[in-house]
Amino acid sequence: MDIVQVVLPNGSYKIYIGTGTLEKLGEYLPFEKKTRLFVITNDRVGPLYGNKLVESLQEYGYKTLYHQVPDGEEYKSFATAEELFTCAIKGGLDRGSAVIALGGGVIGDLAGFVAATYMRGIPLIQVPTTLLAQVDSSVGGKVAVNHPLGKNMIGSFYQPRLVFIDLQVLKTLDPREVRSGLAEVIKYGVIQDRGFFNFLEEHLAGIKALDLELLSAVVKKSCSIKGRIVEEDEKERGLRSLLNFGHTIGHALEVITDYRVYRHGEAVSMGMVAAAEIAVGRGLLAKEEAERLVMLLENAGLPTVIPFGADEIIPLLSRDKKAQEGRPRFVLLLGLGKAALFDDVGEAEIREAIEKCCKKGER
């Protein structure tokens, strides 16, 4: 097992990365036997891994409560959280219990929100089963539910007690979900590590083919980059905002489509292209480097053409979590491997960038 340590003042934790290890989770849990564990998953992951995990936890001596919710971003909601609270209360969960999030980013955020708020907070274990969750959403302690007017608007910073990654589960992942996860992987290279970006360009075919050795390197590197950022800025006062590269417009695209059309990584991919266009327009990023980003995203099978106009997108940007006084802020590239947060991006710049991204489909 590879281990990435996240060191924080109020609760450090380890990220375990292995292959074929899911049913060994019980060995690594920091709880007394007979602790009641609430395993939360969805109806896509549950039939594949839910029963196996529950049975293995019971063999290790843990008591388990199990619940599946429907699959989809639209179910990361107050209504689903209430359903889970009801299940927890009826199942007898107390402050000595813990939540296990078995699934992708939606389950991790949703189950994390439940853990953070049930009885004012009980321990959370993240067991991510999608590439996006393994490299991004399971690490760093952001938990939330969506609101019809904005994504992840209601939530908290609530760190897990540990993150347990089994790369083998990616073999059953929908290829579209793999592509979605690659958007976040590419994001790490483009904002923090030019060498990693070059590595992704060179090895993309093998990564897409789910070569486990390459996946191990990619997941470990991604978790290491995010872990270091979280250590320096746990509550997103500054540096951590860089992780939102592409998310300002990406989240708007998810809201426009009621979270039903795009996977998160697909929306972020289009948002990264738009942000790169703004940076090129400001002279911060060379056009050739922006083109390398677009090519890598396209080779990963991700969308780079925005199918909505500026008039539909711009009104939503003021609701972004990074916005200040109703004005959106953007993470912009200063070159491949370096980024900064800007609060002076004007509507004309945003409009021009979106229009260019719309026209890319006409090439």
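For the structure itself, consult the block above.
Residues numbered from 1 in each chain as written. Predicted model: local features only at pLDDT ≥ 70, side-chain atom pairs only at ≥ 80, totals over all residues. Heavy atoms only, no water.

> Explanation requested: the pattern of salt bridges in the structure shown.
For side chains of opposite charge, pairing can occur when their charged atoms come near one another. For the structure on display, the rule yields 22 salt bridges. Its salt-bridge partner being K142, residue E236 comes within 2.5 Å of it at the nearest N-O pair. Within this pair, whereas E236 is found in the loop between α8 (212-232) and α9 (247-256), its partner K142 is found in strand β7 (residues 142-147), the two being separated by 94 residues in sequence. Look at K142 and you get partly exposed, because its relative accessible area is 27%. The closest approach of N and O atoms between E352 and K356, which form a salt bridge, is 3.6 Å. Taken as a pair, E352 and K356 lie in helix α13 (residues 347-359) at a separation of four residues, close to a single helical turn. (Salt bridge = Lys/Arg side-chain N within 4 Å of Asp/Glu carboxyl O. Helix = DSSP H or I, 4+ residues; strand = E, 2+ residues; numbered from the N terminus. Buried < 20%, exposed > 50% of the residue type's maximum accessible area, 1.4 Å probe, protein only.)

> It is not clear to me how the sheet that holds strand β1 (residues 2-6) should be interpreted in this structure. Could you clarify?
The pairing of strands in a sheet happens through backbone hydrogen bonds and is either parallel or antiparallel. The strand order β1-β2-β9-β6-β5-β3-β4 describes an open sheet built from seven strands, whose pairing is mixed. Of all the strands in the sheet, just β1 and β4 (63-69) have a single pairing partner and so form its edges. Within the sheet, the average angular offset between the axes of one strand and its neighbour, ignoring direction, is 15°. In terms of strand pairing, strand β3 (residues 36-42) meets β4 through seven bridges, oriented parallel. Within the sheet, the bridge partner assigned to V39 lies in β4 and is Y66. Where helix α3 (residues 78-90) meets the sheet, its contacts fall on β3 and β4, and the angle it forms with β4 comes to roughly 155°. (Pairing = 2+ DSSP bridges. Axes fitted to C-alpha atoms, helices over the stretch in contact; angles between N-to-C directions. Contact = heavy atoms within 4.5 Å.)

> Looking at this model, I keep getting lost on α9. Mind explaining?
Note: α-helices contain 3.6 residues per turn, so residues at a spacing of three or four share the same orientation. The element α9 is extensively covered by neighbouring structure, given that nine of its ten residues are classed as buried. On its buried face, α9 is in contact with β8 (150-157), α6 (175-192), α10 (264-282), α12 (310-317), β10 (330-335) and α13. At the C-terminal side of α9, D258 shows a positive phi close to 55°.

> Explanation requested: the packing of aromatic side chains in the structure shown.
Each aromatic ring pair is specified by the distance between its two centres and by the angle formed by the two planes. Counted by the stated rule, this structure contains five aromatic pairs. Judged by centre distance (5.3 Å) and plane angle (50°), the ring pair of Y28 and F164 falls under tilted. Of this pair, Y28 sits in helix α1 (residues 25-28) while F164 is found in strand β9 (residues 162-166), placing the two residues 136 residues apart along the sequence. Of note, K187 hangs over the ring of Y188, and the distance from its end group to the ring centre comes to 4.8 Å. (Phe/Tyr/Trp six-rings, centres within 6.5 Å; stacked < 30°, edge-to-face > 60°. Lys NZ or Arg CZ within 6 Å of the ring centre and 35° of its normal.)

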